[in-house]
Amino acid sequence: MSKSEPALDLELAALLVIDVQCGAFDGRLCPPMPDGDGLLSACRSALDWARQQRVPVFWIQHSEPGGPMDGPGFEIDPRLNPSPNEPRFTKTVPNAFEETSLAQSLQQAGRNQPILIGLQSDCCIEASARGALALGLQAWLVPDAHHTWPDRGLSAAALRDQVSQALAQAGVPLIPITQLTHLA
């Protein structure tokens, strides 16, 4: 984090866990997420940190009738152990703030610094980060706790890193998982 970037304020932060659903990992209707275990481990570390620091966790689930995120694929991967008291939002478009009450829920909770983790880097993560910025929120991205599939001749890791850098240039500070989990 450079000196020109804002500081993450835990009193204003919220963790957004985006689309980490069974359909991305089960291989039923699409190839399993590359390095899915690594992504889930990073997300689990972010969740453990958020809960320990009393940073609210918001779950976003993509609904895709007939697609990988339908039926059993819609459920949040149980390895992340979502808590029943953590709110869930269902979306049908890439931007988690569009056509949902997520922005209002963050506002009601007094949180304007969403920290994004999850899937898919080049779709819902990027759209949600840009959507947060458009709403005047200070979005943060954990660059090693989001992922995607290979596309456009790029490996999944290269595409993820490309999205992280594009979002950083757009004003979304990057906070690696090791740095995040050491904040208290």
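Residues numbered from 1 in each chain as written. Predicted model: local features only at pLDDT ≥ 70, side-chain atom pairs only at ≥ 80, totals over all residues. Heavy atoms only, no water.

Burial within strand β1 (residues 13-18) is extensive, with six of its six residues counted as buried. Side chains of β1 alternate between two faces, with Ala13, Leu15 and Val17 and Ala14, Leu16 and Ile18 buried alike. Bridge count for β1 against strand β4 (residues 113-119) is six bridges, and the pairing is parallel. By the bridge assignment for β4, Val17 is matched with Ile117. Bridge analysis of β1 against strand β2 (residues 57-62) gives four bridges, and the strand direction is parallel. Paired with Leu15 across the two strands is Val57, which belongs to β2. Crossover connection from β1 via helix α1 (residues 36-53) to parallel β2: handedness right-handed. (Buried < 20%, exposed > 50% of the residue type's maximum accessible area, 1.4 Å probe, protein only. Helix = DSSP H or I, 4+ residues; strand = E, 2+ residues; numbered from the N terminus. Pairing = 2+ DSSP bridges. Right-handed = clockwise from strand over helix to strand, strands pointing away.)

Below, the discussion takes up the packing of aromatic side chains. One pass over the full model with this rule turns up one aromatic pair. Against the face of Phe25 rests Arg79, its NZ or CZ located 5.7 Å from the ring centre. (Phe/Tyr/Trp six-rings, centres within 6.5 Å; stacked < 30°, edge-to-face > 60°. Lys NZ or Arg CZ within 6 Å of the ring centre and 35° of its normal.)

With that out of the way, let us pick up the pattern of salt bridges. In this structure the tally under the stated criterion is eight salt bridges. Of the charged contacts in the structure, one is a salt bridge between Arg44 and Asp48, with a shortest N-O distance of 3.0 Å. One end of the pair is Arg44 and the other is Asp48, both in helix α1 and four residues apart, which spans about a single turn. Between Glu126 and Arg130 there is a salt bridge, with the nearest N and O atoms lying 3.3 Å from each other. (Salt bridge = Lys/Arg side-chain N within 4 Å of Asp/Glu carboxyl O.)

With parallel pairing, the five strands of this open sheet are ordered in space as β3-β2-β1-β4-β5. Each of the sheet's edge strands pairs with one partner strand only, and the pair in question is β3 (88-91) and β5 (140-147). Averaged over all pairs of adjacent strands, the angle between their axes in this sheet comes to 20°, without regard to strand direction. Bridge analysis of β4 against β5 gives four bridges, and the strand direction is parallel. Bridge pairing in β5 places Ile115 opposite Trp140. (Axes fitted to C-alpha atoms, helices over the stretch in contact; angles between N-to-C directions.)

This is a description of form; function is not addressed.
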